[in-house]
Amino acid sequence: MRDWLLSDQPAQLLPARQQMALTLMFHIVFVPLGVALPTLMLIAHHKGLRRDDPVALRLARRWSHVAGLTFAVGAVSGTVLSFEMGLLWPGLTGVFGDVFGLPFAIEGIAFFLEAILVAIYIYGWRRLKPWTHFKLGLPIPFIALLGMFSIISANSWMNTPAGFTMGSDGRPTNIDPIAAIINPALPYEFTHFLLATYMAAGFLVASVYAVGWLKGRRDRYHRLGFLIPFTVAAIATPLQFIAGDTIARWLPTAQPAKFSAMEVVTQSGTHQPEVMFGRYDPATNTVSGGISIPDLNSILVGFSPNTYVQGLNAVSPADLPSNINIVHWAFDIMVTIASLLMVLALWYAFLYWRKREVPSSRLFLWCAIAAGPLTVLAVESGWIVTEVGRQPWIVYNVMRTSQAVTDSDGVWVSLTVVALLYLFLAAATITVLRAMARRWREADHADDTAAVYGPRPGLDRSTAA
Amino acid sequence: MSTAGAVAAVLVIAITLYAWSGLADYGAGLWDLLAGDRDSGRRPRQLIDTAVTPVWEANHVWLIFIVILTWTAFGIAFASIMTTLFIPLCLALLGVVLRGASFALRKDAARAGRRHLAGWLFGLGSILTPFFLGAVLGGIVAGRVPVGNAAGNEITSWWNPVSVLTGVLAVATGAFLSAVYLVAEARRRDLPDLERYFWTRAVVMAVVGLAVGLAAAIALRGDNRQMFDRLVSRSIPLLLIGVIALGATMWLARRAVVRGLRVVAAAGVAALIWSWAVAQAPYLLPFTLTIADGAGAPATLRWLLIWAVIALLLVVPALALLYTLDQRTTDLGEDPTTSRPEPDLTR
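Everything numeric in this text was worked out from a predicted model, so none of it was measured.

Procedures and definitions
- Residues numbered from 1 in each chain as written.
- Chains lettered and ligands numbered in written order.
- Predicted model: local features only at pLDDT ≥ 70, side-chain atom pairs only at ≥ 80, totals over all residues.
- Heavy atoms only, no water.
- Helix = DSSP H or I, 4+ residues; strand = E, 2+ residues; numbered from the N terminus.
- Rg over C-alpha atoms; globule rule 2.2 N^0.38 Å.
- Buried < 20%, exposed > 50% of the residue type's maximum accessible area, 1.4 Å probe, protein only.
- Contact = heavy atoms within 4.5 Å.
- Lys, Arg positive; Asp, Glu negative; His and termini not counted.
- Charge placed at Lys NZ, Arg CZ, Asp CG, Glu CD.
- Phe/Tyr/Trp six-rings, centres within 6.5 Å; stacked < 30°, edge-to-face > 60°.
- Salt bridge = Lys/Arg side-chain N within 4 Å of Asp/Glu carboxyl O.
- Patch = residues over 30% accessible without salt bridge, like charges linked within 9 Å, V, L, I, M, F, W, Y side chains within 5 Å.
- Areas by Shrake-Rupley, 256 points an atom, 1.4 Å probe, with all protein chains shown as cover.
- Expected span 1.5 Å × (residues − 1).
- Polar contact = N/O pair within 3.5 Å; in protein donor to acceptor, adjacent residues only side chain to side chain.

Undergrad: What's the story with the overall build of chain A in this structure? I'm lost.
TA: Along chain A, the regular secondary structure elements total 16 helices and 8 strands. In terms of C-alpha radius of gyration, chain A reaches 24 Å, essentially the compact-globule figure of 23 Å for 465 residues. Across its three principal axes, chain A shows a C-alpha extent of roughly 70 × 50 × 40 Å. Out of the 465 residues in chain A, the part that is buried amounts to 58%. When contacts within chain A are restricted to residue pairs at least 6 apart in sequence, those whose partners lie at least 24 apart make up 79%. A gap of 16 Å separates the mean positions of the 33 positive and 29 negative side-chain charges of chain A.

Undergrad: Sorry, what's going on with the packing of aromatic side chains here?
TA: A ring pair, where both rings are aromatic, is described by two values, the distance of the centres and the angle of the planes. The full count for this structure, using the stated rule, is 34 aromatic pairs over all chains. Ring centres of A:Phe26 and A:Tyr422 lie 4.6 Å apart, and the angle between their planes is 65°; on these two criteria the pair is classed as edge-to-face. Taken together, the positions of A:Phe26 in helix H1 (residues 13–35) and A:Tyr422 in helix H16 (residues 411–446) put the pair 396 residues apart, joining distant regions of the chain. Classification of A:Phe26 as buried rests on a relative accessible area of 13%. Overall, the relative accessible area of 4% leaves A:Tyr422 in the buried class. Site record: aromatic cluster; members linked through ring pairs are A:Phe96, A:Phe100, A:Phe104, A:Trp157, A:Phe164, B:Trp71 and B:Phe78.

Undergrad: It is not clear to me how the pattern of salt bridges should be interpreted in this structure. Could you clarify?
TA: Any two side chains of opposite charge can pair, given that their charged atoms come close. All names here are of chain B. Taken as a whole, this structure holds 14 salt bridges over all chains when the rule is applied. Residue Asp-25 is joined to Arg-99 by a salt bridge in which the shortest nitrogen-to-oxygen separation is 3.9 Å. Note that Asp-25 is positioned in helix H1 (residues 3–33) and Arg-99 in helix H5 (residues 86–108), a separation of 74 residues in sequence. Each member of the pair, Asp-25 together with Arg-99, is buried. Between Arg-262 and Glu-185 there is a salt bridge, with the nearest N and O atoms lying 3.5 Å from each other. Within this pair, whereas Arg-262 is found in helix H11 (residues 261–280), its partner Glu-185 is found in helix H7 (residues 161–188), the two being separated by 77 residues in sequence.

Undergrad: Got a minute to help me understand a nonpolar patch on the surface in this structure?
TA: Residue and element names in this part refer to chain A. On the surface, Ile-235, Leu-239, Phe-241 and Ile-242 cluster together to form a nonpolar patch covering roughly 390 Å² of accessible area. Here Ile-242 lies in helix H10 (residues 220–254). Overall, Ile-242 belongs to the exposed group, its relative accessible area being 56%.

Undergrad: Is there a simple way to think about helix H3 (residues 54–87) of chain A in this case?
TA: Each α-helix winds once per 3.6 residues, and so residues spaced three or four apart point in a common direction. Residue and element names in this part refer to chain A. For H3, with 34 residues, the first-to-last C-alpha span of 49 Å sits near the 50 Å given by 1.5 Å per residue. With 33 of 34 residues buried, H3 lies mostly within the body of the structure. The N-cap residue of H3 is Asp-53: its side-chain oxygen and the backbone nitrogen of Val-55 are 2.9 Å apart.

Everything listed here is a matter of coordinates, which is why it stays silent on function.
Here is the structure:
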């Protein structure tokens, strides 16, 4: 068919990887807001309707607008990604399109339904009956979850490919798309990322209201705005600890080279130490600096210091992950942040159990504010571990990234344009979010008793009647 | 019909749906750009804003459907198209991003300068995307995309008379569809001056579209005679239906008949798209790769058909609800407690 399976390290590989990384790292920030923010919004909505609580309703209404905006920006960056699958990685979609393409088709439906329901929900505030409106919003988190499931399925397939056998002509045969969807890594990746979205969205939204609380805006609006998302995130955090630990013990069997890179295990053997940070030198296969805890890595993997862990020395140089330091540091950053958040969640549980109120100590509030951006950093780090750790394979042990890359000449140009464009998109998004927040603060001062449902007197025109 | 043929038919339907909704969206962006200065353009812009905002995102999703469907069902053709036509596809994508960014931005841009910038980006994106997607289609139709990773000429595959004219045709088609849509929207809101305003533009675009379409056909005759012959032989009934439907649109609008106006316009555009599909069948890439040769695994294709049925069952009712809500009220615009106040179109 074509010789793109034979080329070696083409010039397009570097810019193509950078462009994919840039667009994915941008898009991934919007995923928690698309998946978990609607849940927070519906919790507030339900609370508002059941208790007849206008403050909870106002929160739900405002969060729905944030969800609408971030969904719109996520839709744009998601479109870019779907094009890039072909623009940058024609070898992947050209050869394996029919193996792993189906989850994207499912995602297409999920995304479409979510776009429609989000639109209905946002516009429904003024023109649907309250409970009808709530019920129409109820499917949103589940549909978003279906979409996330599909994308994670496609990604986990690239990490643990299944559902085909490789023919002698370099094309897959015996294709079973369902087996490809339900591949070995799926349950691990899905659970891990699901909990990550709830942590990220929860801590991020809560951090906004923690700022207000710290500044002395100690009203019911800020109280609920903090408590709802923070509680959700605090519940997800210990679960995430269990999930992450389970994955870390499964990974040495599924992707040993990735695991060795994450933990910088240089030599195969038992009694592996746990190395925190430090600097790996690929030339000598040694680690300098960092903190080393004897035997801990072996204990974490198999509950015994005698557990054997494969080292980087067992991986052939051609199959070695290209940026071991990045993978290792990203992993350690993620784990460190997760540990800090775990402490924060326990601290919160203790304080809330005693007082049933937003904890008032300045230290706690500062930590809660930091938790938002830190969770996003953890999500980005986790993604780097999965994706960079998988290199040089685009389909693990089946197709190299260099075999999948485009032969087109324009990738450096497109990378430059995309970088500038995304800078603008990010600036625009932040500007709009800040403008929303400012206007809402002014509205709070102006009148605190306005009805949340129905047209607002004074602003609306009479034509609706 | 074979499974692969059925999936190809689903693809053509998705392209038609995107032309109806997505292209019309871009057309609205073009009218926004051409509406003139701040004072004279204010009311048309406001009508565009209120009419398009609730549905633009749903309209846009068809494009993602088309992309995903192509790579899952016809991976080889997808990879070939994406690499040879790398440049116009990137430029189309640029339009998508600019438009999406400006849409998000202008909703809440309070200051005039920012709104102005958003408006320009909106208009620019609205021209870029349909033009370059049209050029991509033109490149495929002219047979300039060979099988392989960037195997075709990366410039002449889209910078040639057929592609450029097809690009212009796509822009004109979108502008025509949106003008027809806005005529009906103006009628519904009882704004006779805006109705006339968009009616004039619909007629102009119909004439421009027919002229450009004719020019594109002539260019195709010189570029790829085989394709042209297929277009004027086996596709001639569809071509005629398309032209007649567009004529009927003019006649209905002239007689101030709004009921059915949009349906007839949409049917005309659909007939023209299908005339292309029928002329090109059974080829994915004329005349080197057939649907049968380019199709993916049968198991995947069967699942794709099941997927299409499920999509239909789920999406159509939801979409119907959205459009019904949109059509039931005249002011399905922004929410005043969380966004800036809605424009008052009556003044």
